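For reference, the chains in residue letters:
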Amino acid sequence: MSSLARGVFIVIEGLDRSGKSTQVARLVDRIQSATTDASSSGSTPRAVPLKFPDRTTAIGKMIDAYLRSESDLDDHAIHLLFSANRWELAPKIEALLASGTTIVADRYAFSGIAFSAQKSPHLNLTFEWCKAPEIGLPAPDLTLFLDVKPEIAMQRGGYGEERYEKQEVQTRVRQVFERIGEEIGADRWVVIDAGQDRDKVGDDIWNRVVPVLRDTHKPVTRLWHGQEELR
Ligand code: Z5A
Ligand code: MG
């Protein structure tokens, strides 16, 4: 990638109803406002949201039917479909970043690993097996993990309508996320207390994002490929 300022790749992860979509929308707006404020210098890139799974593609429609329990799929097959749904959007991610657009993604590869690996040991979906198809995807510059106790998330609207929305599943998912955070490391994985009110969560996120937005000259790397750069 050239030395021109690129967009920054930010991911918001977390358990169900931790406030991911709320905070993705707020963060995109906040970056947009900062862009407008700084437009005279042109130093801050504009931002767009992305959501995984992207339920609009052909693969995404299969995932949607599975999540709403309208279809059943082998656990390995659905895992690979979630991953394929990211790979089909990887060229778009690369192009947006290269054009100077910041991306704020609602879930990413880490959800893919956490929701499938929590099915092990009942199934043979080991952590390493689940991680394998995600290796090489564009790596986020920063992942914000919205941490909330499953029992608090359950009290929020809409919980319990889809396949994985059960407290025991969420508790196992949280444990896998902890392992992923340790692997990714504190420079790129930040835990945010999502049990606070929306404004406080938003401010905590913003404080972690601001320094990353300024750091647009380092290359985009690939997930679990060390420091190997995109192209
Ligand atoms: N999945 C997978 O298995 N493999 C993969 O690779 C990927 C995903 C990418 C769909 O996810 C499912 O797919 C998900 C993981 C699996 N499994 N489950 N279950 P989804 O992202 O489409 O949907 P979701 O995770 O169920 O969550 P959500 O509904 O999108 O929740 P959220 O985005 O984290 O929260 P929200 O919509 O912003 O807020 C939820 C409610 O809480 C709402 O009423 C808000 O107004 C309220 N809220 C938000 N913040 C607060 C605070 N701070 N205090 C109080 N109330 C709040
Ligand atoms: Mg959401």
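This write-up is about the structure you can find in this document. As the structure is a computational prediction, the values presented were derived from the model and not from experiment.

Describing the overall build of the chain
Part 1 of the argument: Across its full length, the chain holds 9 helices and 5 strands.
Part 2 of the argument: Counting from the amino terminus, the chain carries its helices and strands in the arrangement β-α-β-α-α-α-β-α-α-β-α-α-β-α.
Part 3 of the argument: A globule of 231 residues ought to have a C-alpha radius of gyration of about 17 Å, and the chain, at 17 Å, matches this closely.
Part 4 of the argument: The buried share of the chain, taken over its 231 residues, is 53%.
Part 5 of the argument: When contacts within the chain are restricted to residue pairs at least 6 apart in sequence, long-range pairs at least 24 apart make up 78% of them.
Part 6 of the argument: For the chain, the accessible area works out to roughly 10,800 Å², and carbon and sulfur atoms hold 52% of it.

Digging into the environment of Gln118
Part 1 of the argument: Along the polypeptide, Gln118 turns up in the loop between helix H5 (109-117) and helix H6 (127-131).
Part 2 of the argument: Between the C-alpha atoms of Gln118 and Gly136, which are 18 residues apart in sequence, the distance is 22 Å.
Part 3 of the argument: For Gln118, the side chain forms a polar contact with the main-chain oxygen of Phe115, separated by 3.1 Å.

Things to note about unusual backbone geometry
Part 1 of the argument: The omega torsion of the bond from Phe52 to Pro53 falls at 0°, within 30 degrees of zero and hence cis.
Part 2 of the argument: Relative to the elements of secondary structure, Pro53 occurs in the loop between strand E2 (47-51) and helix H2 (58-67).
Part 3 of the argument: The phi dihedral of Arg17 is positive, around 60°, even though this residue is not glycine.
Part 4 of the argument: For Arg107, which is not a glycine, the phi torsion comes out positive at approximately 70°.
Part 5 of the argument: Residue classification places Arg107 among the buried positions, given a relative accessible area of 12%.

A short note on the environment of Glu88
Part 1 of the argument: Secondary-structure assignment places Glu88 in the loop between helix H3 (75-87) and helix H4 (90-98).
Part 2 of the argument: Side-chain polar atoms of Glu88 contact the side chain of Thr57, separated by 2.7 Å.

Description of the pattern of salt bridges
Part 1 of the argument: Under the definition given, this model contains 16 salt bridges.
Part 2 of the argument: Two residues, Asp64 and Arg55, come together in a salt bridge whose shortest N-O distance is 2.6 Å.
Part 3 of the argument: Exposure remark for Asp64: the relative accessible area of 15% places this residue in the buried category.
Part 4 of the argument: A salt bridge links Asp75 to Lys119; the nearest nitrogen and oxygen atoms lie 2.6 Å apart. Here Asp75, found in helix H3, pairs with Lys119, found in the loop between H5 and H6; they are 44 residues apart in sequence, far enough to count as distant. Lys119 matches Asp75 in its accessibility class, with the two residues each being buried.
Part 5 of the argument: Shared partners join several salt bridges into a network, and the residues in it are Arg55, Asp64, Arg68 and Glu70.

Considering the nonpolar core
Part 1 of the argument: Grouped together as the largest cluster of nonpolar side chains are 44 residues, with contacts concentrated most on Phe9, Ile93, Ile103, Tyr108, Phe110, Phe177 and Ile180.
Part 2 of the argument: Every residue in contact with Tyr108, bar those within four places of it in the chain, is listed here: Phe9, Val11, Glu13, Phe52, Arg86, Ile93, Leu137, Pro138, Pro140 and Leu223.

Conventions and cut-offs
- Residues numbered from 1 in each chain as written.
- Chains lettered and ligands numbered in written order.
- Predicted model: local features only at pLDDT ≥ 70, side-chain atom pairs only at ≥ 80, totals over all residues.
- Heavy atoms only, no water.
- Helix = DSSP H or I, 4+ residues; strand = E, 2+ residues; numbered from the N terminus.
- Rg over C-alpha atoms; globule rule 2.2 N^0.38 Å.
- Buried < 20%, exposed > 50% of the residue type's maximum accessible area, 1.4 Å probe, protein only.
- Contact = heavy atoms within 4.5 Å.
- Areas by Shrake-Rupley, 256 points an atom, 1.4 Å probe, with all protein chains shown as cover.
- Polar contact = N/O pair within 3.5 Å; in protein donor to acceptor, adjacent residues only side chain to side chain.
- Salt bridge = Lys/Arg side-chain N within 4 Å of Asp/Glu carboxyl O.
- Core = buried A, V, L, I, M, F, W, Y, C linked by side-chain atoms within 4.5 Å.

Function cannot be read off these values alone, since they describe shape.
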